[in-house]
Every structure is written in C-alpha cells, then in structure tokens.
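# Working through the structure, step by step
Each chain, letter by letter, is given below.
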Amino acid sequence: MPRENYQARLDELGADVVAMGETVCDRLDDAIEAAVSGDEELARSVIETDHEVNETYLALEDECTELLALQQPVAGDLRLVTASFKIITDLERVADLATNVAAYGGPEGGVHDAVDVRALGDGAREMVADAVAAYAARDPDACRQIAASDDAFDDRCREASEAVVRELLEADRARNAARDGPEPTDGEALEASLDEVSQALLAVRDLERIADHAVNVAARTLYMIENDDELIY
C-alpha cells in the first residue's frame, strides 16, 4: 500500500474512533434522560439501537486487525492502532451499560430519589466525553486529569449507595413504628422497597463502571501519545 494511503487509513481510524465516542456519549445522554424521567419510549430507543454501536465496533475492530496484519506498523503507528483497538472496546462497553441505565427508570418513573441519577450520569458522561476529546487532541495532561478525577467520582457513587440503603432502613423503621407494635413489616411493601433499592444500587454501579471505562480510554490514549503506561497498571 502506498504510504499516502496507509497514513490516510490511520487518520481515518482516529476520526472513526472519535465519531464512535461521540455516538456513545449521545446514547448515554438519552439513557440518563430515560432513567430520570421514566420515558419508556426513549429507553426502548437506546436499547434497540445498541446494535448500531456494536456494528461500528466490529467494523473498527476489523480495520485495526487489518492494519496490524497487513501493514505491520511500528513505534507510534503501532501504539495508535493497538490503543484504538482497546479504546473502541471500552466505548462499546459504555454503550452496553447505557442500555442498562436507560432501563432503570421503569414505567413508574425514575430511579430511587436518594440517587441523583442526573448528576452522577452527567459526571460519568463528562468523563467519557473528556477522554474521547483527549484522544482526538492527543492531550496527555487531559488524560492524567481524567484519571485523577476518578477517586472523587467513586466517592460520590459510594455516598449515593449509602444514602439508598439508609433510606431503606429508615422507611422500614417508619413502617414498623406506624404499626404501633412489634408486628413484622408488611412483606409486599418490603419487597417493593428492596426492588427499588436494588435497582438504584445497580444504576450507581453501572455509572461507576462507565467512569472506569473513561479512565481506561484516557490510559490507553496516554500510552498512545507518550508510550507511557502509568495509568494502565
């Protein structure tokens, strides 16, 4: 392959990875909105269009494989291809998690009030968008900033999970107190509360995982730019 065509394919790969990242962020925006509002139609759209992201992933995976097999890139080009291969895997998983988030709103409305899905979701989404932007701009400082922000996001997720459990316990105590006696808590009410809490905890878990994938994108981008694996291990 002429050098000009080879370089054009590398440039196109980079542009396609960025485009995939932007699509995934759009899906995540819709998923967060569906979870907050309980919009079943929007949730269904996120879930039913996930195959489009999967198809993009498979096409880019094939391109990376072909560039590695036929062109045998070295040095910076090799890091570009291998990092891009890893990054599209993380982006595809973010899209999968977005389908989970979209479904958490349910027909009765949004996730448990103790979880600010909008704030947590927007925070995770911002990390993904920043990681994609760092890849596009080849910005090592941005990569390190994204990784450094993960601990604070993990703390927010832990606090949200603790708030959900705390509200469950308080609601159970209130139900028992209302009975004015030692009778056990109503089984159906408790089961409904447990389902709601379980769903809220799963939402928090998936948003935390989305942020983790953003860090992975930043880590692979830093490796691509500077041959530095400090954020990978």
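Residues numbered from 1 in each chain as written. Predicted model: local features only at pLDDT ≥ 70, side-chain atom pairs only at ≥ 80, totals over all residues. Heavy atoms only, no water.

Under an unreviewed UniProt entry, the name given to the protein chain is Phosphate-specific transport system accessory protein PhoU, and the source organism is Halorubrum californiense DSM 19288. If you open the UniProt record of the protein chain and go to Function (unreviewed entry), you find "Plays a role in the regulation of phosphate uptake." (UniProt positions renumbered as here; feature names shortened; annotations may be inferred.)

## Digging into the environment of Val111
Along the polypeptide, Val111 turns up in the loop between α4 (75-103) and α5 (117-137). Note on Val111: relative accessible area 9%, which makes it buried. Measuring from C-alpha to C-alpha, the distance between Val111 and Val197 comes to 8.8 Å, with 86 residues separating the pair along the chain. In this structure Val111 touches Ala35, Tyr104, Val117, Ala200 and Ala203, once residues within four positions along its chain are discounted. (Helix = DSSP H or I, 4+ residues; strand = E, 2+ residues; numbered from the N terminus. Buried < 20%, exposed > 50% of the residue type's maximum accessible area, 1.4 Å probe, protein only. Contact = heavy atoms within 4.5 Å.)

## Some thoughts on the pattern of salt bridges
One pass over the structure, following the stated rule, counts 11 salt bridges. In this structure, the salt-bridge partner of Arg125 is Asp29, at a minimum N-O distance of 3.0 Å. Here Arg125, found in helix α5, pairs with Asp29, found in helix α1 (residues 3-37); they are 96 residues apart in sequence, far enough to count as distant. Assessed through its relative accessible area of 22%, Arg125 is described here as partly exposed. When the shortest N-O distance is used, the salt bridge between Arg144 and Asp228 registers 3.4 Å. Of this pair, Arg144 sits in helix α6 (residues 140-178) while Asp228 sits in the segment after α7 (187-226), placing them 84 residues apart in sequence. We classify Arg144 as partly exposed; its relative accessible area is 28%. (Salt bridge = Lys/Arg side-chain N within 4 Å of Asp/Glu carboxyl O.)

## Remarks on the packing of helix α2 (residues 40-48) against α4
Running from amino to carboxyl end, α2 crosses α4 at an angle of 160 degrees, the nearest separation of the two axes being 9 Å. With respect to each other, α2 and α4 are oriented roughly antiparallel. By crossing handedness, the relation of α2 to α4 is classed as left-handed. Between α2 and α4, the contacting residues are Ala43, Val46 and Ile47 on the first element and Ala98, Thr99, Ala102 and Ala103 on the second. Partitioning the contact of α2 with α4 into residue classes produces 6 nonpolar, 1 polar and no charged. (Axes fitted to C-alpha atoms, helices over the stretch in contact; angles between N-to-C directions. Parallel < 35°, antiparallel > 145°, perpendicular 65-115°, else oblique. Left-handed = near helix turned anticlockwise from the far one by under 90°. Nonpolar A, V, L, I, M, F, W, Y, C, P; charged D, E, K, R; others polar.)

## Here we look at the nonpolar core
As a rule of thumb, nonpolar side chains are buried together in soluble globular proteins. Counting residues in hydrophobic clusters, the biggest one holds 68 residues, and the most contacted among them are Leu91 and Ile210. Those elements giving two or more residues to this core turn out to be α1, α2, α3 (50-71), α4, α5, α6 and α7. Other than its neighbours up to four places away in sequence, Leu91 contacts Val17, Met20, Gly21, Val24, Val128, Val132 and Val217. (Core = buried A, V, L, I, M, F, W, Y, C linked by side-chain atoms within 4.5 Å.)

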